[in-house]
Structure formats: C-alpha cells, structure tokens
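# Breakdown of the fold
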Amino acid sequence: MRIAAAQILSGRDPADNLRLVRESVAEAAARGARIVALPEATMRAFGAGRLDEVAEPLDGPWAGAVAEIAREHGVVVVVGMFTPGQGGRVRNTLLVTGPAGGDAAGGPDRDLHVGYDKIHLFDAFGFAESDTVEPGDATRVVTVDGVGIGLSVCYDIRFPGQYRQLAAAGARITICAASWGSGPGKVDQWLLLARARALDATTFLVAVGQADPGVEGVEVTRGAPTGVGHSVLVGPDGTVRDEAGPEAGLVVFEIDDDEVTDIRKTIPVLANGRITEESATGESATGESTAEVVR
C-alpha cells in the first residue's frame, strides 16, 4: 500500500487550505498513493483565528468538498479539520473520506466518511488547547482495502496505551496527523515518540505534520503549535524507513503490511502484555472495548 504524507503549511482561510488539499491529493494520486494523509489543523492553522468560526459538521461543505476530491481521484483522504463541540468549543477532528475497497473478510466495496476526535488535548509547553477544544472519547480504526488503519492526532502520540489499543482493534498501520509545536529538542521528541509508538504497537506509523513556517518564511502566532515538518514513516520494528525535511512537500511511503505479521511473531509484545498493559487488550477498566472500528 502506498500512503502519501502531504506536509503542507495551512493558513487562516479554509478555502485556500482546501486548495492545498486538492493539489496535494492530485499529486499523490498521480504518484500511485492509495491513502493521502494531511496534517492536523489543515482546515485552519492554530493561531490563525478563532476555530469556532470555521468549525463545520462532517456533512458540511468543507468536508463535503474533501469527499468529492477523494472520490474524483479514487483515494482515501485523511485530513485535520474542526467540528462543532459543546459550550463554544470545537472538536479537533481527523476526517477520513473516500472509496475504501472491501473489508478484510472480502465484503463489498465501501465508501468511508467518518471522523476521529482527538482524545488527548495539548495542554503543555504553555499552550492550552482545552480552552477552545473539547476532547474526543473513543479511539477509531478504519479499514482500507482490508487493512486496519488506526487514527491519532498530534499530542496523542505521547500516550502509548492509545496505540496499543488501536493495534488490539486491528490496526496494522497507524496515522498520526500533527501540527507539532516548535522549540528546543521538539523535532527529536517527535521522531523519538513516532519510533516508540510504532514499536509499542508493532504497527507501521505514518506521522504527517505541518511544515515549518520559519523555513517557509511565514510569520505565526507566538506559542501556537504550527509545525516543524519531518513527516516520517516508521516500521513495526521501530526503524525509520523514510523522513521528510522541515519544508513543505509530498512524500509517498511504500508499505507492506505483511511485515507486521512477521514482526509480531518476533517481538510479540501485544500477546505478552500482562497486568501492567491493560490497554493492550483493547478494553477499559470495566472490561468493555473502548475502540470504535469501522469495517
């Protein structure tokens, strides 16, 4: 499976950002990508204006336009947007839309149009995402051409239990869409966390981030997490297979998910986890599954 990481730099205007989506998807499809992943906050960059002004439901015009782009090119698009929350807050949503093919059991072709709401909010490094964003409450795995794809957003990557839970729910590839905050050591942390989460869950990890606005010559709001680039593909053994630089661009990753089966035989951490690894079973403390799976 080919997955494209479109390392764009979004701005204030959702319409202009939709243009970036359209251009990225067209290029990725021409290069044979089956899934095109774009960063968190593609709809509107953090620090570029009120998020509740642009938030729309998944059946709204912005998500609808993305769906049309995905179907025009016959790909699945994964892209960060904002949907309405409660009390004036929004939800930081990862939209997944497009023709998904059959499921792992060989069922009929399906059309995806679903969202994952970011669970872990970035209340760190002096930024308080929870002031304007409401947290999600369920993980999500979707299936594309029979392959389980786990979903995560930015700060989620610091929480290993989420990635083990996604793996337990069938994820063999996990996508993390981010708008990573800059600062001393932050690129090193991003790459280290990506490697650790892939190894924790023995899945491929596609981590796609916003480009570095400093490299692109764009001024941003001080303190807002606006991107550092370095989108990366990490294998289920924790090794970096490919990595972008800080600048805007498109990287197409080639993934053989059969490697996940081999690695899980060699490093069976999911099977070997005991009482210290409850989240690896895909269950909450009550014994009920907390992962939502879209087949």
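Details of the structure are given in the entry above.
Residues numbered from 1 in each chain as written. Predicted model: local features only at pLDDT ≥ 70, side-chain atom pairs only at ≥ 80, totals over all residues. Heavy atoms only, no water.

### Quick word on helix 2 (residues 61–73)
Under the convention used in this document: Counting from the N terminus, the helices are DSSP H or I runs at least four residues long and the strands are E runs at least two residues long. Multiplying one less than the number of residues by 1.5 Å gives the expected span of a helix. Residue burial is assigned from relative accessible area. The probe radius is 1.4 Å, only protein chains are included, and a residue is buried under 20% of its type maximum, exposed over 50%, and partly exposed in between. Contacts were defined at the residue level, with two residues in contact if any of their heavy atoms lie within 4.5 Å.
Taking 1.5 Å as the rise per residue, helix 2 with 13 residues should run 18 Å; its terminal C-alpha atoms sit 19 Å apart, in good agreement. For helix 2, every residue scored as buried is listed here: Trp 62, Ala 63, Ala 65, Val 66, Ala 67, Ile 69 and Ala 70. Buried residues along helix 2 sit in contact with helix 1 (14–30), strand 3 (76–84), strand 4 (90–101) and strand 5 (110–117).

### Points about the packing of helix 1 against helix 2
Defined as follows: Orientation is described by lines fitted to C-alpha atoms, with helices fitted over the stretch in contact, and by angles between N-to-C directions that extend from 0 to 180 degrees. Small angles under 35 degrees read as roughly parallel and large ones over 145 as roughly antiparallel, with 65 to 115 read as roughly perpendicular and the rest as oblique. Handedness of a crossing follows from how the near helix is turned relative to the far one, being left-handed for an anticlockwise turn of less than a right angle and right-handed for a clockwise one.
Where helix 1 contacts helix 2, the axes come no closer than 10 Å and their chain directions differ by 15 degrees. Relative to helix 2, the element helix 1 lies roughly parallel. Helix 1 and helix 2 meet at a crossing whose hand is right-handed. Where helix 1 approaches helix 2, its residues Pro 14, Leu 18, Val 21, Arg 22, Val 25, Ala 26 and Ala 29 are matched on the opposing element by Trp 62, Ala 65, Val 66, Ile 69 and His 73.

### Details of the environment of Ala 30
Topologically, Ala 30 is positioned in helix 1. Sequence-wise, Ala 30 and His 73 are 43 residues apart; in three dimensions their C-alpha atoms are separated by 8.7 Å.

### Some points on the packing of helix 3 (residues 160–168) against helix 4 (residues 186–201)
Rules: Any residue that is not Ala, Val, Leu, Ile, Met, Phe, Trp, Tyr, Cys, Pro, Asp, Glu, Lys or Arg is counted as polar, Gly included; the first ten are nonpolar and the last four charged.
Between helix 3 and helix 4, whose axes approach to 8 Å, the crossing angle comes to 40 degrees. The orientation of helix 3 relative to helix 4 falls into the category oblique. Our pair here, helix 3 against helix 4, has a crossing hand that is right-handed. Contacts between helix 3 and helix 4 involve Pro 160, Tyr 163, Arg 164 and Ala 167 from the former and Arg 197, Asp 200 and Ala 201 from the latter. Across the contact of helix 3 with helix 4, the residue classes break down as 4 nonpolar, no polar and 3 charged.

### Things to note about the packing of aromatic side chains
This is how it is decided: Any Phe, Tyr or Trp ring, taking Trp's six-membered ring, that has another such ring centre within 6.5 Å forms a pair; planes under 30 degrees apart are called stacked, those over 60 apart edge-to-face, and the others tilted.
Counted by the stated rule, this structure contains 7 aromatic pairs. Look at Phe 46 and Phe 127: their rings are 6.2 Å apart centre to centre, the planes differ by 70 degrees, and that puts the pair in the edge-to-face class. One end of the pair, Phe 46, is in the loop between strand 2 (35–37) and helix 2; the other, Phe 127, is in strand 7 (residues 127–128), with 81 residues separating them in the sequence. Look at Phe 46 and you get buried, because its relative accessible area is 6%. Since its relative accessible area comes to 22%, Phe 127 is described here as partly exposed. For the ring pair Phe 122 and Tyr 155, a centre distance of 5.5 Å and an interplane angle of 75 degrees mean the geometry is edge-to-face. A residue pair is termed long-range when its members are at least 10 positions apart, and Phe 122 in the loop between strand 5 and strand 6 (123–124) and Tyr 155 in the loop between strand 10 (147–153) and helix 3 qualify at 33 residues.

### A short note on a nonpolar patch on the surface
This is how it is decided: A patch consists of residues whose relative accessible area exceeds 30% and which take part in no salt bridge; residues with like charges are grouped when within 9 Å of each other, and nonpolar side chains (Val, Leu, Ile, Met, Phe, Trp, Tyr) when within 5 Å. The accessible surface values rely on the Shrake-Rupley method and a 1.4 Å probe; as for residues, cover is taken only from the protein chains in view. The salt bridge definition used is simple: a Lys or Arg side-chain nitrogen within 4 Å of an Asp or Glu carboxyl oxygen.
On the surface, a nonpolar cluster with roughly 200 Å² of combined accessible area is contributed by Leu 199, Ile 267 and Val 269. Residue class for Val 269 comes out partly exposed when judged on its relative accessible area of 36%.

### Quick look at the pairing of strand 1 (residues 2–7)
Short version of the rule: Strand pairing is assigned whenever DSSP detects at least two bridges linking the two strands. Note on handedness: a crossover is taken as right-handed if, strands pointing away from the viewer, the path from the first strand over the helix to the second is clockwise.
Counting buried positions along strand 1 yields 5 of 6 residues, so the element is predominantly enclosed. Taken together, the 6 bridges between strand 1 and strand 15 (residues 249–254) define a ladder with antiparallel strand orientation. Each bridged residue has a counterpart across the sheet, and for Gln 7 the counterpart in strand 15 is Gly 249. Pairing geometry for strand 1 and strand 2, over 3 bridges, is parallel. Along strand 2, the bridge assignment pairs Ile 3 with Ile 35. In terms of handedness, the path from strand 1 via helix 1 over to strand 2 forms a crossover that is right-handed.

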